[in-house]
Amino acid sequence: MAPAVRQLSKFATAMLVSYDGSRGWAWDPTIRGTIADTLERILREPVAIEAASRTDAGVHAIGQALCAFTSREPLAGDLQLLRYRANQLLPEDVVLRQVVRAPADFDVRDNAGKVYCYYINTAAFPFPLSRRTEWHLPSRRGRAPFDAARAQQAASYALGRHSFLPFSNAQPAEPEREPVCELRRLDVVECGGGRIRLDVEGDRFLYRMVRNLAGTVARCGSGELEPELVERILATGAWPSDAVKLTAPAHGLVLHQVLLHADCDPFASTAAAAEEVPLCAPVPS
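The protein goes by tRNA pseudouridine synthase in an unreviewed UniProt entry, where it is assigned to Diacronema lutheri. Under Sequence similarities (unreviewed entry), UniProt gives the following word-for-word description of the protein: "Belongs to the tRNA pseudouridine synthase TruA family."

Shown next as structure tokens:
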């Protein structure tokens, strides 16, 4: 964000954004820049945007939250018209779901956490309609089918407050500033037809932490790793020499929701709540 634009801004507009990350877009700067450019075309003034979260290239979003700052009231306060016009101009794989007014000092980065979903297909073959939104992980020849109970056992060891640095891809020269996170939920949900969904909720996440947890839990479910390994890694702060960390592919991950604080959630209106998207189910085969 350009600091000068933010300082001169008088109006804040909060937005819920959905996008398909299959083109390999990273959140910063491409998608954010695309939205900012679109709003500037409509409003004919500079627009500064802050996002609640960054997503890796290839990761999708259903409920990314952002805030646009302007010096004038957008379209005389007709925010539904702004949403309509923006969605007409944005690429078809980026959609503004909600556009609401927010206090001028609203900080979308100050949130209570995030909810992610990770999708895995353990069937023998990939499904063409969902190949871009789920990780195809069939059982290897000679191995038992995916064991969801075993995967859930591994997931349970990760719950609570820990230093998740062993599950981060932070570079040694650039360590995480604060490696301790609270993982509130890591559920392994069987969706039928060999499909598995991991529901992940935490107060914050380290770089690629969700994808590393997904890769580890999935490998425990497939019998490649023992579930107790998760507990040992978190206790020792390191992977054992005989195990290799696996980062699950980006395309199976979806940022489902940014959890805003109840006392400053601009989307907590009846109209916005009516369009809440439930945890997305896999595409039927």
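Caption draft 1: Just the nonpolar core, in detail. Formed by 77 residues in total, the largest nonpolar core has its most connected members in Met15, Ile35, Leu39, Phe164, Leu183 and Leu198. Top contributing element to this core by residue count: helix H5 (residues 209-221), with 7 residues. Ignoring any residue separated from it by four or fewer positions in sequence, one finds leucine 39 in contact with Met15, Arg44, Val47, Ile49, Ala68, Leu82 and Ala86.

Caption draft 2: View of the pattern of salt bridges. The final tally for this structure, using the stated rule, is 15 salt bridges. In this structure, the salt-bridge partner of glutamate 45 is arginine 72, at a minimum N-O distance of 3.6 Å. In this pair, glutamate 45 is assigned in the loop between helix H2 (27-43) and strand S2 (48-51) and arginine 72 in the loop between strand S3 (60-70) and helix H3 (79-89), connecting sequence segments 27 residues apart. A relative accessible area of 46% means that arginine 72 is categorised as partly exposed.

Caption draft 3: Region of the structure containing the UniProt feature "active site" (unreviewed entry) in the protein. In the numbering adopted here, UniProt assigns the feature "active site" (unreviewed entry) to Asp56. Mapped onto the fold, aspartate 56 is located in the loop between S2 and S3.

Caption draft 4: Just the side chain of serine 18, in detail. Residue position: serine 18 is located in strand S1 (residues 11-19). Within polar-contact distance, the side chain of serine 18 engages the backbone oxygen of isoleucine 62 at 2.5 Å. In this structure serine 18 touches Ala61, Ile62, Asp93, Val94, Val95 and Arg97, once residues within four positions along its chain are discounted.

Caption draft 5: Structural view of the environment of glutamate 178. Structurally, glutamate 178 can be placed in the loop between strand S7 (160-163) and strand S8 (180-192). Using a relative accessible area of 39% as the deciding quantity, one classes glutamate 178 as partly exposed. Not counting chain neighbours up to four residues away, the residues in contact with glutamate 178 comprise Arg204 and Leu206. From its side chain, glutamate 178 meets the backbone nitrogen of valine 180 in a polar contact 2.9 Å long.

Caption draft 6: View of unusual backbone geometry. Positive phi, normally seen in glycine, also occurs at leucine 75, with a value near 50°. The topology assignment puts leucine 75 in the loop between S3 and H3. Taking the relative accessible area as the measure of exposure, leucine 75 reaches 23% and is therefore partly exposed. Despite not being glycine, arginine 208 shows a phi value in the positive range, around 60°. Tracing the sequence through the fold places arginine 208 in the loop between strand S9 (195-202) and H5.

Caption draft 7: Representation of the packing of helix H4 (residues 148-156) against H5 within the structure. Where H4 meets H5, the axes come as close as 7 Å, and the angle between the chain directions of the two elements is 140°. Of the possible angle classes, the one that applies to H4 and H5 is oblique. By crossing handedness, the relation of H4 to H5 is classed as right-handed. On H5, the residues that touch Arg150, Ala151, Ala154 and Ala155 of H4 are Val217, Cys220 and Gly221. Looking at side-chain class alone, the contact of H4 with H5 contains 5 nonpolar, 1 polar and 1 charged residues.

Caption draft 8: Seen up close, H4. Regarding H4, the residues found buried are Ala148, Ala151, Ala154 and Ala155. Angularly, the buried residues of H4 cover 120° about the axis, an arc narrow enough to put them on a single face. Residues of H4 that are buried make contact with S8, H5 and helix H6 (228-236). The opening residue of H4 is aspartate 147, an N-cap whose side-chain oxygen sits 3.1 Å from the backbone nitrogen of alanine 149.

Caption draft 9: View of the pairing of strand S5 (residues 113-121). Most of S5 sits out of view: 9 of its 9 residues are buried. Across 6 bridges, the pairing between S5 and strand S10 (residues 253-259) is antiparallel. Residue pairing across strands places lysine 114 opposite valine 258, the latter belonging to S10. Pairing analysis gives 8 bridges linking S5 to S9, with the strands arranged antiparallel. Along S9, the bridge assignment pairs tyrosine 119 with arginine 197. Pairing of S5 with strand S6 (residues 135-136) involves 2 bridges; the strand directions are parallel. Its bridge partner being in S6, isoleucine 120 is matched across the sheet by tryptophan 135.

Quick notes on the rules
Residues numbered from 1 in each chain as written. Predicted model: local features only at pLDDT ≥ 70, side-chain atom pairs only at ≥ 80, totals over all residues. Heavy atoms only, no water. UniProt positions renumbered as here; feature names shortened; annotations may be inferred. Core = buried A, V, L, I, M, F, W, Y, C linked by side-chain atoms within 4.5 Å. Buried < 20%, exposed > 50% of the residue type's maximum accessible area, 1.4 Å probe, protein only. Helix = DSSP H or I, 4+ residues; strand = E, 2+ residues; numbered from the N terminus. Contact = heavy atoms within 4.5 Å. Salt bridge = Lys/Arg side-chain N within 4 Å of Asp/Glu carboxyl O. Polar contact = N/O pair within 3.5 Å; in protein donor to acceptor, adjacent residues only side chain to side chain. Axes fitted to C-alpha atoms, helices over the stretch in contact; angles between N-to-C directions. Parallel < 35°, antiparallel > 145°, perpendicular 65-115°, else oblique. Left-handed = near helix turned anticlockwise from the far one by under 90°. Nonpolar A, V, L, I, M, F, W, Y, C, P; charged D, E, K, R; others polar. Arc of directions from axis to C-beta. Pairing = 2+ DSSP bridges.

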